[in-house]
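Architecture at a glance
Here is what each chain is made of, one letter per residue.
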Amino acid sequence: MELGPRDRLSQAFVKELEKGRTVDTPYGHVVHLDLRHLGEKKINAKIPFVRELCMKYQNLDPVKDLIPVRPVVHYMMGGIHTDINGATPLPGLYAAGEAACVSINGANRLGSNSLPELLVFGARAGRAAAEYASRGLAINPRIIAQKTDEHRRLEHELLNKKGSERIATLRDEMQKSMETSSGIYRSGASLRNGMEEIRRLQERYVDVAIEDHSKTFNTERVSALELSCMLDVAETIVTAATRREESRGAHQRIDFPARDDKRYLAHSLVYRNADGSARVEYLPVTITRWPPAERVYGEAAPHGGPNHITGGTLSSGAGV
Amino acid sequence: MGDRITLQVARYRPEQESEATYDEFEVPCPKDWVVLDGLNHVKDRLDGTLAYRWSCRMGICGSCGMTVNGEPKLTCATFLSEYAPGPVRVEPLRNFPVIRDLIVDIGDFMRKLVRVKPWIVRQVEKPLSAGEYLQTPDELEEYKQFSMCINCMLCYAACPIYGLDPKFIGPAVIALAQRYNLDNRDQGAAARMEVLSEHEGIWGCTFVGECTKVCPKHVDPAGAIQRYKLSAAVDSMKSFFLPRGA
């Protein structure tokens, strides 16, 4: 299992957690990875970066210590809807990389694809945006008015306001709630609780405290803006996951464990309605070379076929 | 977990004060907490106005460099417990203008970096259909060490030459120029030479070696500078004896 792909490993972690076989730490429950049987020589030769990472950033040595391991969020597969030139449905707005969803990753990104995605689509988005900007289009006065309004709102809401909720407290609670409701395994019930919690946090956010009133490198204001956006994204995730009554890739519903191509072989697009509520629409998936199929391993896999995925190897560095 | 340590953090708020002052904060000091964890604890729980840069927490992004008890350090890779019982003094990186609190102006470094074209330069780019530019493990080994640079600027904070003469192009930029000069796919060495051979280029370095000592990624900028000086000297001798090119 230690050499299995990371999503399967994360799912196995939850099973262990449910059986009460994990260890409680200040950073949440963990399992331990034991490399001690390899010995110092082998560790230095084969996985020097793993050892360096542990020693330099965790103050522990895998030659003699156990490495605490737990699943964490480390990539967003969804994002701002773009075409292959990074263009969004909003003219003049471009996105690339993890912020964007150019839809090359599907429901479960393969390891190492995020950096090439960034390089390829970052370059394409940059060229397309430059081309758009150089067209010398007249700026719509409505947009300028909107900009002025937004500027005033930010000044008023973020620079001069006094609130009582700490940014870090709300962020921590959002993270905990998202992990519980929309983490590795989801259900209709967990998602309903998650949505209620996100709504409560959105209400509390209105009273967020900003102590920093400086106009020079104000990182607290940035954190407040980020938190507001993250709460929107959290709502989007919970909304799309609630509507998707199936399991596919990283979206695992314990109440709907099977994949349902008839209803959900589609991209979820989440919109904000005029009354503030969220709406989900679906966009068909373009299938090119590999149609969706069962994900099976080892003996069960047709040899060399498209579904034959071998177990991963122990990465020598951080996952990308 | 019960241990605590005091951080003495440099504050500079240009709208309020004309020079830096120090604030003291007591923070937890478990074995695995780094200086950056202490600063994040301050910002999240004690004083949201503290300004500093950070991102990845694992020595890749190069943004959390600061002066810790007088030395340039990546705060994500510097354990608080190393300084027990404290206090730990945290100040902005030296040799750079301070914008606010622990944040320095990195503009000078960024402008110098671009001057040496830190990317692969080809006279003629081959068409995509001709395939990849291949490289053997030995060819990779030639420049790999210099490719580990994360632009954290600790070497600039440590460099006494840069401290005296801000026109000096500096250790990381020279190491990064070498990273591309030594790459067999690159054809930009001559263009970089013009920048590096200027007065403030490599000749500014008197081989103090502080840059290599503080580098968190073992890049050895001092070695890069010495090696480049040698090749630059050989080239200038060649052009003297063989003016039409050898």
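Residues numbered from 1 in each chain as written. Chains lettered and ligands numbered in written order. Predicted model: local features only at pLDDT ≥ 70, side-chain atom pairs only at ≥ 80, totals over all residues. Heavy atoms only, no water.

**Section: the overall build of chain B**
Each helix and strand counted, chain B has nine helices and seven strands in total. Over its C-alpha atoms, taken along the principal directions, chain B stretches across nearly 70 × 40 × 30 Å. Partitioning the contacts of chain B with sequence separation of at least 6, the portion at a separation of at least 24 is 64%. Approximately 12400 Å² of chain B is accessible, and the part contributed by carbon and sulfur atoms is 55%. (Helix = DSSP H or I, 4+ residues; strand = E, 2+ residues; numbered from the N terminus. Contact = heavy atoms within 4.5 Å. Areas by Shrake-Rupley, 256 points an atom, 1.4 Å probe, with all protein chains shown as cover.)

**Description of the sheet that holds strand S3 (residues 65-68) of chain B**
Residue and element names in this part refer to chain B. Strand order in the open sheet formed by five strands is S2-S1-S5-S3-S4, with mixed pairing between adjacent strands. With one partner strand each, in any of the chains shown, strand S2 (21-28) and strand S4 (71-74) form the two edges of the open sheet. Averaged over all pairs of adjacent strands, the angle between their axes in this sheet comes to 35°, without regard to strand direction. Bridge count between S3 and strand S5 (residues 88-91): two bridges; the pairing is antiparallel. For Thr 67, the partnering residue across the bridge sits in S5 and is Glu 91. On top of the sheet, helix H1 (residues 35-46) reaches strand S1 (4-11), S2, S3 and S5; it is set at about 95° to S2, its chief contact. (Pairing = 2+ DSSP bridges. Axes fitted to C-alpha atoms, helices over the stretch in contact; angles between N-to-C directions.)

**Digging into the state of the cysteines**
Scanning all chains against the criterion turns up zero disulfides over all chains. The structure places no disulfide on A:Cys101, whose sulfur is separated from the nearest cysteine sulfur, that of A:Cys229, by 18 Å. A relative accessible area of 17% means that A:Cys101 is categorised as buried. We note that B:Cys155 lacks a disulfide partner, and the nearest cysteine sulfur, in B:Cys211, lies 6.3 Å from it. Classification of B:Cys155 by relative accessible area gives buried; the value is 9%. (Disulfide = S-S within 2.5 Å. Buried < 20%, exposed > 50% of the residue type's maximum accessible area, 1.4 Å probe, protein only.)

**Some remarks on the sheet that holds strand S2 (residues 28-33) of chain A**
Adjacent strands of a sheet pair through backbone hydrogen bonds, lying either parallel or antiparallel. All names here are of chain A. Judged by pairing direction, the sheet is antiparallel, and its three strands sit side by side in the order S1-S2-S3 without closing on themselves. Each edge of the open sheet is held by one strand with a lone partner, namely strand S1 (23-25) and strand S3 (67-69). Looking at each pair of strands side by side, their axes are set apart by 55° on average, direction ignored.

**Quick notes on H1(B)**
When the terminal C-alpha atoms of H1(B) are compared, their 15 Å separation across 12 residues agrees well with the 16 Å that a helix rising 1.5 Å per residue should span. By the criterion of burial, H1(B) is predominantly enclosed, with nine of the 12 residues buried. Within the span of H1(B), buried status applies to B:Val35, B:Leu36, B:Asp37, B:Gly38, B:Leu39, B:Asn40, B:His41, B:Val42 and B:Lys43. Those residues of H1(B) that are buried are in contact with helix H8 (219-243) of chain A together with S1, S2, S3 and S5 of chain B. (Expected span 1.5 Å × (residues − 1).)

**Structural notes on the interface of chain B and chain A**
In this complex, chain B contributes 29 residues to the contact, which on the side of chain A involves 24 residues. At the boundary of chain B with chain A, the tally comes to three salt bridges. Of all elements in the fold, only H1 and strand S6 (98-100) of chain B reach the threshold of two or more residues within the side of chain B that touches chain A. Considering only residue class, the side of chain B that touches chain A consists of 14 nonpolar, four polar and 11 charged. (Salt bridge = Lys/Arg side-chain N within 4 Å of Asp/Glu carboxyl O. Nonpolar A, V, L, I, M, F, W, Y, C, P; charged D, E, K, R; others polar.)

**A few points about the packing of aromatic side chains**
In this description, a pair of aromatic rings is defined by centroid distance and the angle of the planes. Here the structure, examined in full by the defined rule, presents six aromatic pairs over all chains. With a centroid separation of 6.0 Å and an interplanar angle of 70°, the aromatic rings of A:Tyr264 and A:Tyr282 are classed as edge-to-face. With A:Tyr264 in helix H9 (residues 261-264) and A:Tyr282 in strand S7 (residues 278-284), this pair connects stretches of sequence that are 18 residues apart. Of the residues examined, A:Tyr282 reaches a relative accessible area of 28% and is grouped as partly exposed. With centroids separated by 5.7 Å and ring planes inclined at 50°, the aromatic side chains of B:Phe96 and B:Tyr162 adopt a geometry described as tilted. Within this pair, whereas B:Phe96 is found in the loop between S5 and S6, its partner B:Tyr162 is found in helix H5 (residues 160-164), the two being separated by 66 residues in sequence. Using a relative accessible area of 3% as the deciding quantity, one classes B:Tyr162 as buried. A connected cluster of aromatic rings, assembled from ring pairs, spans B:Phe96, B:Phe109, B:Tyr156 and B:Tyr162. In this arrangement the basic side chain of B:Arg89 is found over the ring face of B:Tyr22, its NZ or CZ atom lying 3.9 Å from the centre. Residue placement shows B:Arg179 over the ring face of B:Tyr180; its charged tip is 4.0 Å from the ring centre. (Phe/Tyr/Trp six-rings, centres within 6.5 Å; stacked < 30°, edge-to-face > 60°. Lys NZ or Arg CZ within 6 Å of the ring centre and 35° of its normal.)

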